[in-house]
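Working through the structure, step by step
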Amino acid sequence: MKGTRLFLLVGTAVVGIAYLVFSAASRPTRRDTQMAQLTDDFVIGEPLTFQNLTIFPITSKTPRNVDRFITLDEGLQAGTIEIVERGAVPSYGTPPQGSTTEQTDPFAQPSSPPAADPFGAPPATGIETDTARSLATDDPFADSPQDPRTPPGNDWDPVAANAVNELVVINHSDKPLYLMPGEIVVGGSQDRTIGQELVIAPDNKPVAIGVYCVESGRWGGRDQQTYAQLLEATGGPTAITANSANLSLVVSETTELANAGKFVGSIGSLNKSARIAVQSGEGQGKVWEEVATENGRNRVQPPTGTFASNYLDVNSTERLSLYLEKLQRPIEETENIVGVIVAVNGEMESMDVFESTPLFRKLWPKLLKSYALDAASGAEDGQEVAGQVAAQNDAVAFFHEVAQARGEMTDTSCDLALSKGENDHVLLFSAHERRNVDVGGPALGGFGGSGMGGMGGGSFGSAIHNSGFAK
């Protein structure tokens, strides 16, 4: 009897232990629960594939339809955004005597005077700000005894000379201007790319921004034939077209403006490796290296070494057009689309997610061109690339790995709080409004941080833009 009792007690204990072990194993951890809550509003859709490029749409269960930003393409084509070489005179002329460029809140409603940003840097004279100088430290001409830059005598600019790693932006529109790292502007003395995530207030004030050169072999003007080709590729400034009697006059006026130091169009975005070099702040030399590498992979040989040739060369544009025809509209027309995950040759490569559907849709054509460039540049001429389709569960796994990348703030001197997160496999760059983060707090990691890190920023998806890359 005692033996039977002992057997029952031991058996009950074993069952109880097994139950506890099973329950603990099957019960979601606190981190699992947190991740599920943070990613619950986003859905990674079925893949769309053409040849070796696969796109996974990322949609939001909650509609995000507020269109609060103007983009670079919109502003340049409408003539409401000016980008000029430092020292070139903007079209509105010299600012009133004694005017300054104190930092204002770019997110203020346009119907009221721009409110001072309580987190902004102290007022500065001229166009020197922390934001302005953030990337302007790698000027290859700075110490050259044969500096090609000539001060044009602009009496309101405290440093009246062009600079490789700095341009001036003026927003004449009624919305904040959103600038995405990697966007390419053509014109001026050299083509440039935007150096970091920025928002420029609609206050008609000149703001100096950090850029990188993506055309190492030119410092000077272009001819009208080249600008005719560039106008066709970028869509052209409609403000000029509307006041011109014919195309030749459009080209002539555009060439004159560009050779006087103005940027007249945005032709696309850098490819993945060059975007990483820019966003990681790896320096002008590394950016030039990545530009030369991609030009070589894509078999374009521009005399000035410009990255823009990837979007101008006839053979290159023919290869890219196949991807664009198959993938642009299906993604663009997806309901509640806010981003994409990208795979090339069946391998996860990158992710871009934006705060709203309108912002994503406006930048999507430019982003798709850059994704297609990475996919097409490895193909042999006249040879179809074998389709290699990545699985949806691979995209979900990539999304979550990027989400968990540990990070820290990298810049809170501008109107955006920027952060970088990484682990052994991925990189994540995020941009939030500074008012939505604790800029004085410790570095917080991944989407799971209660502060800014990754896509967390107080609530999942509160970032204006998140870009993730496979290493």
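These notes cover the structure that comes with them. Because the structure is a prediction, the values reported are computed rather than measured.

A separate point is the overall build of the chain. Looking only at helices and strands, the chain features 12 helices and 18 strands. Evaluated residue by residue, the chain yields a buried proportion of 53% over its 471 residues. Contacts in the chain between residues at least 24 apart in sequence constitute 72% of all its contacts with a sequence separation of at least 6. Element-wise, carbon and sulfur atoms account for 53% of the exposed surface of the chain, whose accessible area totals about 20500 Å².

Across the sheet, which stays open at both edges, the three strands sit in the order S4-S7-S10 with mixed pairing between neighbours. Single-partner strands in this sheet number two, and they are strand S4 (70-71) and strand S10 (198-200). Alignment of S4 against strand S7 (residues 177-179), held across two bridges, turns out to be parallel. Bridge pairing in S7 places Ile70 opposite Leu177.

Summarising the element assignment, Ala375 is placed in helix H11 (residues 357-376). Exposure remark for Ala375: the relative accessible area of 3% places this residue in the buried category. Measuring from C-alpha to C-alpha, the distance between Ala375 and Thr54 comes to 9.4 Å, with 321 residues separating the pair along the chain. Look past the residues within four positions of Ala375 in its chain and what remains in contact with it is Asn52, Leu53, Tyr323 and Val344.

Core analysis: the largest hydrophobic core is formed by 51 residues, its most contacted members being Leu53, Ile55, Tyr178 and Tyr371. In terms of residues, this core owes the most to one element, H11, which gives 11 residues. Within the second largest apolar cluster, 19 residues are counted, among which are Ile58, Ile341, Met348 and Ala395.

Let us look at the sheet that holds strand S12 (residues 263-269). The strand order S5-S6-S11-S9-S8-S12 describes an open sheet built from six strands, whose pairing is antiparallel. The open sheet is flanked by strand S5 (81-85) and S12, the only strands paired with a single partner. In this sheet, neighbouring strand axes are inclined to one another by 40 degrees on average, regardless of whether the strands run parallel or antiparallel. Note: strand S9 (residues 192-194) against strand S11 (residues 207-213), three bridges, orientation antiparallel. Following the sheet pairing, Thr193 is matched in S11 by Tyr212.

Across the seven residues of strand S16 (residues 416-422), five count as buried, placing the element largely inside the fold. Relative to S16, strand S15 (residues 406-411) runs antiparallel, the two sharing five bridges. Note on S16: the bridge partner recorded for Glu408 is Lys420. Judged from the seven bridges that link them, S16 and strand S17 (residues 426-433) form a sheet pairing that is antiparallel. Of the residues in S17, the one forming a bridge with Leu418 is Ala431.

Another point: the environment of Ser280. Here Ser280 shows up in the loop between helix H8 (272-279) and helix H9 (284-297). For Ser280, a relative accessible area of 24% translates into the label partly exposed. Between the C-alpha atoms of Ser280 and Phe429, which are 149 residues apart in sequence, the distance is 8.8 Å. In this view, Ser280 contacts Lys420 and Phe429; residues no more than four positions away in its chain are not counted.

Counted by the stated rule, this structure contains 24 salt bridges. Close ionic contact of Arg192 with Glu85 constitutes a salt bridge, the shortest N to O distance being 3.0 Å. With Arg192 in strand S9 and Glu85 in strand S5, this pair connects stretches of sequence that are 107 residues apart. Residue Arg192 is classed as buried on the basis of its relative accessible area of 0%. Judged by relative accessible area, which is 1%, Glu85 ranks as buried. Taking the shortest distance from any N to any O, the salt bridge between Lys272 and Glu349 comes out at 2.5 Å. With a gap of 77 residues between them, Lys272 in helix H8 and Glu349 in strand S14 (residues 347-354) connect regions that are remote in the sequence. Several salt bridges converge on common partners, so that one network encompasses Asp67, Glu74, Lys175 and Lys362.

If you trace the backbone, Asn52 turns up in the loop between strand S2 (48-50) and strand S3 (53-60). Classification of Asn52 by relative accessible area gives buried; the value is 2%.

What follows covers the packing of H8 against H9. To characterise two packed helices, one gives the angle between the axes of the helices and the distance between these axes. Between H8 and H9, the least distance of the axes is 9 Å, while the angle of their chain directions is 175 degrees. With respect to H9, the element H8 is oriented roughly antiparallel. Mapping the contact onto sequence places Ser273, Ala274, Ala277 and Val278 in H8 and Lys286, Val287 and Glu290 in H9. Counted by class, the contact of H8 with H9 contains four nonpolar, one polar and two charged residues.

Turning our eyes to something else, we now look at the environment of Leu312. By secondary structure assignment, the location of Leu312 is in the loop between H9 and helix H10 (314-332). We classify Leu312 as buried; its relative accessible area is 15%. Between the C-alpha atom of Leu312 and that of Gln229, which follows or precedes it by 83 residues, the distance is 7.5 Å. When residues no more than four places from it in sequence are discounted, the contact partners of Leu312 are Gln229, Leu230, Ala233, Ile267 and Thr317.

Attention shifts here to the packing of helix H5 (residues 224-234) against helix H7 (residues 247-259). Running from N to C, H5 and H7 point in directions that differ by 105 degrees, and their axes come no closer than 9 Å. The pairing of H5 with H7 is recorded here as roughly perpendicular in orientation. Mapping the contact onto sequence places Gln224, Tyr227, Ala228 and Leu231 in H5 and Val250, Val251, Ser252, Thr254, Thr255, Ala258 and Asn259 in H7.

About the criteria used
Residues numbered from 1 in each chain as written. Predicted model: local features only at pLDDT ≥ 70, side-chain atom pairs only at ≥ 80, totals over all residues. Heavy atoms only, no water. Helix = DSSP H or I, 4+ residues; strand = E, 2+ residues; numbered from the N terminus. Buried < 20%, exposed > 50% of the residue type's maximum accessible area, 1.4 Å probe, protein only. Contact = heavy atoms within 4.5 Å. Areas by Shrake-Rupley, 256 points an atom, 1.4 Å probe, with all protein chains shown as cover. Pairing = 2+ DSSP bridges. Core = buried A, V, L, I, M, F, W, Y, C linked by side-chain atoms within 4.5 Å. Axes fitted to C-alpha atoms, helices over the stretch in contact; angles between N-to-C directions. Salt bridge = Lys/Arg side-chain N within 4 Å of Asp/Glu carboxyl O. Parallel < 35°, antiparallel > 145°, perpendicular 65-115°, else oblique. Nonpolar A, V, L, I, M, F, W, Y, C, P; charged D, E, K, R; others polar.

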